[in-house]
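Chain by chain, the residues:
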Amino acid sequence: MPARNILVINCGSSSIKFALVNEAQEHFPLSGLAERLGSADAVLHWQRDGGKDSLAIPNADHRIALAHLLPMVQGAADGHLHGIGHRVVHGGESFTRARRLDDQVIATIATIAPLAPLHNPAALQGIEAALKLFPTLPQVAVFDTAFHQSMPEHAYRYALPEALYREHGVRRYGFHGTSHHYVSHRGAQMAGLPYASSSWLVAHLGNGSSTCAIVNGESRDTSMGLTPLEGLVMGTRSGDVDPNLHSHLARNLGWNLEKIDHMLNNDSGLLGLSGMSNDMRTLEQAREQGHPGAALAIEVFCYRLGKSLASMSCALERLDGVIFTGGIGENSPLVRSKTIAHLKLLGLALDDAQNARCVRGVAGPIEAAGHPRVLVVPTNEERQIALETLASLG
Ligand code: ADP
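First, a word on what this report is: a plain description of the structure on this page. (Residues numbered from 1 in each chain as written. Predicted model: local features only at pLDDT ≥ 70, side-chain atom pairs only at ≥ 80, totals over all residues. Heavy atoms only, no water.)

### Digging into the site of the ligand
Right, so step 1: Surveying the vicinity of the ligand reveals the residues G206, N207, G208, D279, M280, R281, E284, G326, G327, I328, N331 and S332.
Right, so step 2: In this structure, M280 approaches the ligand through a main-chain N or O atom, which is 3.0 Å from an oxygen atom.
Right, so step 3: In this structure, I328 approaches the ligand through a main-chain N or O atom, which is 3.3 Å from an oxygen atom.
Right, so step 4: A majority-of-atoms criterion places the ligand in the second largest pocket.
Right, so step 5: Elements represented by at least two residues in the shell around the ligand include exactly α10 (280-288) and α12 (326-331).
Right, so step 6: At four residues, α12 tops the list of elements feeding residues into the shell around the ligand.
Right, so step 7: Each residue belonging to the shell around the ligand can be placed in one class, and the counts come to two nonpolar, seven polar and three charged. (Near = heavy atom within 4 Å. Polar contact = N/O pair within 3.5 Å; in protein donor to acceptor, adjacent residues only side chain to side chain. 1 Å grid on protein atoms, 1.4 Å probe; cavity = no way out; pocket = protein on both sides within 12 Å on 5 of 7 lines; lining within 4 Å. Sits in = over half its atoms within 2 Å of the grid points. Helix = DSSP H or I, 4+ residues; strand = E, 2+ residues; numbered from the N terminus. Nonpolar A, V, L, I, M, F, W, Y, C, P; charged D, E, K, R; others polar.)

### Structural notes on helix α8 (residues 257-266)
Right, so step 1: Every buried residue belonging to α8 is among I260, M263 and L264, and all of these are buried. Down the axis of α8, the buried side of the element spans an arc of 90°, and every buried residue falls inside it. (Buried < 20%, exposed > 50% of the residue type's maximum accessible area, 1.4 Å probe, protein only. Arc of directions from axis to C-beta.)

### Focus on the pattern of salt bridges
Right, so step 1: Considering all chains together, one arrives at 13 salt bridges under this definition.
Right, so step 2: The salt bridge partner of R172 is D221, with a shortest N-O separation of 3.2 Å. Taken together, the residues span a long stretch of sequence, with R172 in the loop between α5 (162-168) and α6 (177-191) and D221 in strand β11 (residues 218-222) at a distance of 49 residues. The pair formed by R172 and D221 is uniform in burial state, with each residue classed as buried.
Right, so step 3: Through salt bridges that share partners, R172, D221 and E230 make up one connected network. (Salt bridge = Lys/Arg side-chain N within 4 Å of Asp/Glu carboxyl O.)

### Brief notes about the packing of helix α11 (residues 292-312) against helix α13 (residues 333-341)
Right, so step 1: Close contact between α11 and α13 brings their axes to 8 Å; oriented N to C, the two are set at 55°. Here α11 lies oblique to α13, going by the angle between them. Handedness of the crossing formed by α11 with α13: right-handed. For the pair formed by α11 and α13, the contact residues are I298, E299, F301, C302, L305, G306 and L309 on the first element and L334, V335, K338 and T339 on the second.
Right, so step 2: A breakdown of the residues in the contact of α11 with α13 according to their chemical character gives seven nonpolar, two polar and two charged. (Axes fitted to C-alpha atoms, helices over the stretch in contact; angles between N-to-C directions. Parallel < 35°, antiparallel > 145°, perpendicular 65-115°, else oblique. Left-handed = near helix turned anticlockwise from the far one by under 90°. Contact = heavy atoms within 4.5 Å.)

### Things to note about empty space enclosed by the protein
Right, so step 1: By the definition in use, this model includes one cavity of 30 Å³ or more.
Right, so step 2: When its volume is computed, the largest cavity comes out at roughly 40 Å³.
Right, so step 3: Taken together, R157, Y158, L160, P161, L164, Y165 and V170 form the lining of the largest cavity.
Right, so step 4: Tallied by class, residues from the lining of the largest cavity come to six nonpolar, no polar and one charged. (Points joined across faces, edges and corners; volume = space filled by probe spheres on them.)

### Examining the layout of surface pockets
Right, so step 1: Considered as a void within the structure, the second largest pocket measures approximately 380 Å³ in volume.
Right, so step 2: If you trace the second largest pocket, you find 13 residues lining it, with D279, M280, R281, G327 and I328 closest to the centre.
Right, so step 3: Secondary structure elements with two or more residues in the lining of the second largest pocket: α10 and α12.
Right, so step 4: Here the lining of the second largest pocket is composed, by residue class, of three nonpolar, seven polar and three charged.

### Things to note about the pairing of strand β4 (residues 43-48)
Right, so step 1: Where strand β3 (residues 30-35) and β4 come together, six bridges link them in antiparallel fashion. When the bridges of β4 are listed, G32 appears paired with W46.
Right, so step 2: Alignment of β4 against strand β5 (residues 51-56), held across six bridges, turns out to be antiparallel. Counterpart to V43 in the pairing with β5 is A56.
Right, so step 3: Once β4 ends, the chain turns through two residues before running back antiparallel as β5, passing D49 with a positive phi of about 50°. (Pairing = 2+ DSSP bridges.)

### Quick look at the packing of aromatic side chains
Right, so step 1: Applying the stated criterion across every chain, the model contains two aromatic pairs.
Right, so step 2: Arranged with centres 4.2 Å apart and planes meeting at 10°, the rings of F95 and F143 form a pair that is stacked. With F95 in the loop between β6 (81-88) and β7 (99-100) and F143 in strand β8 (residues 139-143), this pair connects stretches of sequence that are 48 residues apart.
Right, so step 3: Accessibility expressed as a relative area gives 2% for F143, which makes it buried.
Right, so step 4: With 6.0 Å between their ring centres and 50° between their planes, Y156 and Y165 make a pair best called tilted.
Right, so step 5: Residue classification places Y156 among the buried positions, given a relative accessible area of 12%.
Right, so step 6: It is R171 that lies over the ring of Y173; its NZ or CZ is 4.8 Å from the centre. (Phe/Tyr/Trp six-rings, centres within 6.5 Å; stacked < 30°, edge-to-face > 60°. Lys NZ or Arg CZ within 6 Å of the ring centre and 35° of its normal.)

Below, the structure written as structure tokens:
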């Protein structure tokens, strides 16, 4: 059977990221982004065969952008496109794995929208447009939350009145499941261990960040919760704060919920702490030049990350390794070394030369000799979505 091609689509409210994944090729034959959809400045950018190109598509919506994409995809796939994998952020408790799209699956994704009011409706826009344009192609929804549905109840329940869980689905779901799954599987391959009997702590560190405890190929705990705000310090998200902060700000400063929500999600994290940027690379440069806010933001980020990994270790009986991934995890020796320095009680220590070597896509072990394994593993969410899409197609 020739290698199969899957188009992976990730829709935001005004954007579509896409990649054509060929199961036999490491590089994507075609990838790109349509952005500012619905506006006069709508534009499609793509990369193919090492070349980049753009096309203005004024006022295009998701369907028109996908219609522009179709001939390009068919060309790059030599006319052999096998299916489409859609990234969907929230699968609630309904989806424990990727699912082939039909009317019932679409209706269920819509009912979960209150849990992801920005993301699920955007994904549905893309799904509906793609189904109209490619009615004969099998299409699959791959959920960010599905991998974490294996968490035990003691990890996913909040200590809140039970009715909030039973009647309103208030529980911890976790996100970044596609990435945690992919890198833990790759990590086991790199270490020569069977994935089905291995134990990992993963730190996915990008603009959004989360940790995960993975035992025998299953998520047992993760730092994000009902929403992606819980847990680590992120680019603009606060991560954990005292839940009474909301009432404190409302009573003392007269802030309403929208204002508090916006502050916690958009003005906090690395940006809020540093007062200058949400971007780790920028902060590292500013720290070098003596910027105190940048230095503090990096310290808090790494301490909180170390604390989260230590708490995740409660879900493991044995540690086969810690894995760093995501833009920061794959590229910042500074963050890795500061974080691991907080985890001496787990026996962790890094080899400085190996740590410095693993950047810009270089994978490998970075632990000091005689210490527990620490790996840098570049994530590849598009490939994982394509693999899960192919698995659902049978
Ligand atoms: P997203 O969550 O949007 O996919 P990424 O995984 O691409 O984000 O991660 C983006 C983050 O990675 C940014 O904070 C960026 O500064 C950081 N990053 C990328 N390269 C480096 C680097 N060389 N050193 C430090 N941080 C880096």
